[in-house]
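# Summary of the model geometry
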Amino acid sequence: MPVAVNHGMVMNSWFNIFGLKSTSDEDEASIEAAAKHLQTLIAEQESLGINRDRIVVGGLSQGGATSLYSLLTIPQKPVAGIIGLSTWLPLHKKFPKAAKANLETPIFLCHGDADGIVSLEFGQLTAEKLKAVNRHAEFNIYPGLPHWVNDKEMNDVSLFINKCLSR
């Protein structure tokens, strides 16, 4: 799909992005479509016999954004956990009212303080929005980490997944 923030370049993308600031306009229709698509992917796993309470969903950047929005706004049975790495909450201005699901599901957010793509401030705003609707939302800052992952973060993600699946 063409992505506006990348000068309309066609690329793999969950949804169109106009900008990566908390004040940027957002393509609500493509965000909603991505959220519904993610739910179909989860439903496919359920059809294979995997219960939602054994599914942890998340991603880096846009994958994390899609996970957060989809799992919080589309009423379904809860998943085991939600992970967002170097990410943001799409359509954040609609929250807390838009939150309808996974309000007790553990949420693990990670952000580097050197992220030049999705600012740490946008990550912190996301954490504030999520903590307002989910007391299990956790936000972790990684010093020197750009818009990517590192070993410490991946170790923390692994511990979070293990905790979610041992409940």
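Refer to the structure printed above.
This text gives an overview of the structure that appears in the document. Each residue is numbered by its place in its chain's sequence as written, counting from 1. Given that the model is predicted, a residue must reach a pLDDT of at least 70 before its local features are reported, and side-chain atom pairs must reach 80 or more before they are shown or counted; all residues, however, enter totals for whole chains, interfaces and linings. Note: side-chain values were computed over all heavy atoms of the structure, leaving out hydrogens and water.

## So, the nonpolar core
What counts here: As used in this record, nonpolar core signifies buried Ala, Val, Leu, Ile, Met, Phe, Trp, Tyr and Cys residues forming a set joined through side-chain atoms within 4.5 Å. Residue burial is assigned from relative accessible area. The probe radius is 1.4 Å, only protein chains are included, and a residue is buried under 20% of its type maximum, exposed over 50%, and partly exposed in between. Elements are defined by DSSP. Helices are runs of H or I of four residues or more, strands are runs of E of two residues or more, and each kind is numbered from the N terminus. Contact criterion: two residues are considered in contact whenever any of their non-hydrogen atoms come within 4.5 Å of each other.
Of all hydrophobic cores here, the largest spans 35 residues; its most connected members are W88, I107 and L130. Elements with a minimum of two residues in this core: α1 (28-47), α2 (62-73), β5 (107-112), α3 (120-133) and β6 (137-142). Discounting chain neighbours no more than four positions away, the residues touching W88 are F15, I17, L20, E26, S61, Q62, A65, L68, V118, F122 and T126. Residues A80, L85, F108 and Y142 belong to the second largest nonpolar core, which totals ten residues.

## With respect to the environment of V10
Structurally, V10 is set in strand β2 (residues 9-10). V10 sits 36 residues away from E46 along the chain, and the two C-alpha atoms are 32 Å apart. Discounting residues that sit within four places of it in the chain, V10 has contacts with M1 and P2.

## Comments concerning unusual backbone geometry
With an omega dihedral of 15°, the bond running from F95 to P96 counts as a cis peptide bond. Here P96 is to be found in the loop between β4 (81-85) and β5. A positive phi is found at S61, a non-glycine position, where the angle reads about 60°. A relative accessible area of 14% means that S61 is categorised as buried. For L91, which is not a glycine, the phi torsion comes out positive at approximately 55°.

## Focus: α2
Inclusion rule: Expected span of a helix: the number of residues minus one, times 1.5 Å.
With twelve residues, α2 extends 16 Å from end C-alpha to end C-alpha; this agrees with the ideal 16 Å at 1.5 Å per step. α2 sits mainly inside the fold: twelve of its twelve residues count as buried. Those residues of α2 that fall on the buried side of the exposure criterion are Q62, G63, G64, A65, T66, S67, L68, Y69, S70, L71, L72 and T73. Looking at the buried positions of α2, the neighbouring elements they touch are α1, β3 (56-60), β4, β5 and α3.

## What to know about the sheet that holds β3
One key point about sheets: their strands pair by backbone hydrogen bonds, in either a parallel or an antiparallel sense. As a reminder of what qualifies: One bridge is not enough; two strands pair if DSSP finds at least two bridges between them. Throughout, an axis means a line fitted to C-alpha atoms (over the contacting stretch in the case of helices), and angles, computed between N-to-C directions, take values from 0 to 180 degrees.
Read from one edge of the open sheet, four strands run β3-β4-β5-β6, paired in parallel fashion. Single-partner strands in this sheet number two, and they are β3 and β6. When the angles between neighbouring strand axes are averaged without regard to direction, this sheet yields 10°. By the bridge criterion, six bridges tie β5 to β6 in an arrangement that is parallel. Bridge pairing links L109 to F139 in β6. Relative to the sheet, α3 contacts β5 and β6, its axis offset from that of β6 by approximately 165°.

## A look at the side chain of D156
Applicable threshold: Nitrogen and oxygen atoms within 3.5 Å of one another constitute a polar contact, given that in protein one can donate a hydrogen and the other can accept it, and given that sequence-neighbouring residues count only through two side-chain atoms.
By the secondary structure assignment, D156 is in helix α4 (residues 151-165). There is a polar contact of 2.7 Å between the side chain of D156 and the side chain of Y142.

## Thoughts on the environment of D156
On the basis of relative accessible area, D156 is assigned to the buried category, the value being 14%. Separated by 105 residues in the primary sequence, D156 and N51 have C-alpha atoms spaced 24 Å apart. If we ignore the near neighbours within four places in the chain, the residues touching D156 are F108 and Y142.

## Digging into the packing of α1 against α2
Inclusion rule: When describing relative orientation, an angle under 35 degrees is termed roughly parallel and one over 145 degrees roughly antiparallel, while 65 to 115 degrees is termed roughly perpendicular and anything else oblique. Under the convention adopted here, Pro, Cys and the residues Ala, Val, Leu, Ile, Met, Phe, Trp and Tyr are nonpolar, Asp, Glu, Lys and Arg are charged, and Gly plus all remaining residues are polar.
At their nearest, the axes of α1 and α2 sit 9 Å apart, and the two run at 80° to each other. By the criterion of interaxial angle, the relationship of α1 to α2 is roughly perpendicular. Taken together, the residues of α2 that come into contact with α1 (itself represented by I31, E32, A34, A35, L38, Q39 and I42) are T66, S67, Y69, S70 and L71. Each residue belonging to the contact of α1 with α2 can be placed in one class, and the counts come to seven nonpolar, four polar and one charged.

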